[in-house]
Amino acid sequence: MSKVAFITGAARGIGKQIALTLAKEGFDIALNYRSENDDVENTAKEIENENVKCFAVKCDVSNFEACEEAVKKIIDEFGQIDVLVNNAGITKDMLLMRMKKEDFESVIDVNLVGTFNVTKNVVNHMMKARSGRIINVSSVVGISGNAGQANYSASKAGIIGFTKSLAKELGSRNILVNAVAPGFIETAMTDVLKDEIKEEIAKSIPLKRMGTTEDVANVVKFLASKDSSYITGQVIHIDGGMLM
Ligand code: NAI
């Protein structure tokens, strides 16, 4: 039977690339998306072209009950979830002086509480199977902090604490929990930056370029594979050397 990977926020960007990369490895894919505006149909077709099954579930990860329902649907469809990638995330950047309570809360709700909501509902199935991989998408700014991103950095730092705690709780059940910390990756999320700013950032990175979605997906592929069977509780930086 094929292994199943569940990736949140996977209709576009890094999540889509992770889904495609794992599909190429033979995983059946459960693909989460938030709204009809996400181009989920095309993403699903691209995944199915890899000769694996793709099951798309609409759900806002910040809603616990919706996550519970989504996980039930995936288990009904595939019977198991071997790999969970908590990728869904948002930004609402601004200096603290101007940041409203709602701007702080909504970013924490999607990025951090969303990671809890999905993981909490998936982990029972992994515990029964006595195996599983959980890969959480954090960020370099969860380690370094960043002016204008107090909400986002706090959410991404929270994901790192969550990852390490779960790695300790679940190791004896053969469930491996790791995080990736991407730097600046070319996606819709960073497209909002002005070209001059992107060039400045690229100059400051030892590898002198922004990362691609493939750069991230290939590390997730490794963390989902047998090759990483003695790695848990780690945060793998994918940032061209930006943060050392
Ligand atoms: P993106 O904006 O292209 O994709 C994010 C996806 O998450 C979208 O498909 C969106 O619909 C989904 N999403 C947002 N809120 C959701 C919710 N409440 N429920 C379900 N899905 C939801 O962004 P990108 O760049 O692909 O980001 C993916 C992950 O990588 C995020 O967690 C982001 O924080 C992280 N990241 C991105 C970096 C970058 O430079 N692009 C750097 C470091 C981390």
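If you're wondering where the values come from, they're calculated on a predicted model, not measured in any experiment.

Calculation rules
Residues numbered from 1 in each chain as written. Predicted model: local features only at pLDDT ≥ 70, side-chain atom pairs only at ≥ 80, totals over all residues. Heavy atoms only, no water. Helix = DSSP H or I, 4+ residues; strand = E, 2+ residues; numbered from the N terminus. Rg over C-alpha atoms; globule rule 2.2 N^0.38 Å. Buried < 20%, exposed > 50% of the residue type's maximum accessible area, 1.4 Å probe, protein only. Contact = heavy atoms within 4.5 Å. Areas by Shrake-Rupley, 256 points an atom, 1.4 Å probe, with all protein chains shown as cover. Lys, Arg positive; Asp, Glu negative; His and termini not counted. Charge placed at Lys NZ, Arg CZ, Asp CG, Glu CD. Core = buried A, V, L, I, M, F, W, Y, C linked by side-chain atoms within 4.5 Å. Near = heavy atom within 4 Å. Polar contact = N/O pair within 3.5 Å; in protein donor to acceptor, adjacent residues only side chain to side chain. Axes fitted to C-alpha atoms, helices over the stretch in contact; angles between N-to-C directions. Left-handed = near helix turned anticlockwise from the far one by under 90°. Nonpolar A, V, L, I, M, F, W, Y, C, P; charged D, E, K, R; others polar. Pairing = 2+ DSSP bridges. Salt bridge = Lys/Arg side-chain N within 4 Å of Asp/Glu carboxyl O.

Draft legend 1. Focus on the overall build of the protein chain. Counting its regular elements, the protein chain contains nine helices and seven strands. Relative to the 2.2 N^0.38 estimate, which gives 18 Å for 244 residues, the radius of gyration of the protein chain is 17 Å and therefore close to what a compact globule would have. Its C-alpha atoms put the protein chain at 50 × 40 × 35 Å along the principal axes. With 244 residues in all, the protein chain has 49% of them scored as buried. Long-range pairs, those at least 24 residues apart, make up 73% of the contacts in the protein chain between residues at least 6 apart in sequence. Accessible surface for the protein chain amounts to roughly 12300 Å². Of this, 50% is attributable to carbon and sulfur atoms. Computed over 29 positive and 32 negative side-chain charges, the separation of the two mean positions in the protein chain equals 5 Å.

Draft legend 2. Structural context of the nonpolar core. Ranked by internal contacts, the top residues of the largest apolar core, which has 33 residues, are Phe-6, Ile-74, Ile-81, Val-122 and Ile-134. When residues of this core are traced back to their parent elements, those giving at least two are β1 (4–7), β3 (54–58), α3 (64–78), α4 (101–129), α6 (150–170) and β6 (175–182). If we skip the residues at most four places from it in the chain, Ile-81 touches Val-4, Phe-6, Val-71, Ile-74, Ile-75, Val-122 and Met-126. Among the nonpolar cores identified, the runner-up in size contains 31 residues, and Ile-29, Tyr-33, Ala-44 and Val-220 belong to it.

Draft legend 3. The site of the ligand, seen in detail. Around the ligand, 28 residues are found, and the nearest of them are Arg-12, Asp-60, Asn-87, Tyr-152 and Thr-187. One of the backbone N or O atoms of Val-61 is found 3.0 Å from a nitrogen atom in the ligand. Side-chain polar atom of Thr-187 to an oxygen atom of the ligand: 2.5 Å apart, as the coordinates give it. If the ligand stood free it would expose 820 Å²; the protein chains cover 97% of that surface. Among the secondary structure elements, those contributing two or more residues to the shell around the ligand are α1 (13–24), α6 and α7 (188–191).

Draft legend 4. Looking closely at the side chain of Gln-80. Here Gln-80 lies in the loop between α3 and β4 (83–86). Looking at Gln-80, its side chain comes within polar contact range of the side chain of Asp-82, at 2.8 Å. The residues contacting Gln-80, other than those within four sequence positions of it, are Met-1, Ser-2, Lys-3, Val-4 and Ile-75.

Draft legend 5. Examining the packing of α3 against α4 more closely. α4 packs onto α3 with a crossing angle of 35° between their chain directions and a minimal axis gap of 8 Å. The chirality of how α3 crosses α4 is right-handed. Residues Phe-64, Cys-67, Glu-68, Val-71 and Ile-75 of α3 form the contact with α4, whose own contacting residues are Phe-116, Asn-117, Val-118, Lys-120, Asn-121, Val-122 and His-125. Looking at side-chain class alone, the contact of α3 with α4 contains seven nonpolar, three polar and two charged residues.

Draft legend 6. Looking closely at the sheet that holds β1. One open sheet holds the seven strands; their spatial order is β3-β2-β1-β4-β5-β6-β7, and the pairing between them is parallel. In this open sheet, the two strands that pair with only one neighbour each are β3 and β7 (235–238). Shown here is a sheet whose adjacent strand axes are inclined to one another by a mean of 20°, direction ignored. Pairing of β1 with strand β2 (residues 28–33) involves four bridges; the strand directions are parallel. Paired with Phe-6 across the strands is Ala-30, a residue of β2. In the packing of α4 onto the sheet, the strands contacted are β1, β4, β5 (132–137) and β6, and the crossing angle to β4 comes to about 175°. Helix-sheet contacts for helix α9 (residues 213–223) involve β4, β5, β6 and β7, and the interaxial angle to β6 is about 165°.

Draft legend 7. Looking closely at the side chain of Asp-239. Along the chain, Asp-239 turns up in the segment after β7. Lacking a salt bridge, the buried Asp-239 has Arg-209 as its closest oppositely charged neighbour, with an N-O distance of 10 Å. Side-chain polar atoms of Asp-239 contact the backbone nitrogen of Leu-243, separated by 3.0 Å.

Draft legend 8. Main features of the pairing of β6. Of all eight residues in β6, eight are buried, a share of seventy percent or more. Of the two faces of β6, the one holding Ile-175, Val-177, Ala-179 and Ala-181 and the one holding Leu-176, Asn-178, Val-180 and Pro-182 are both buried throughout. Note: β6 against β7, four bridges, orientation parallel. The partner of Ala-181 across the bridge, within β7, is His-237.

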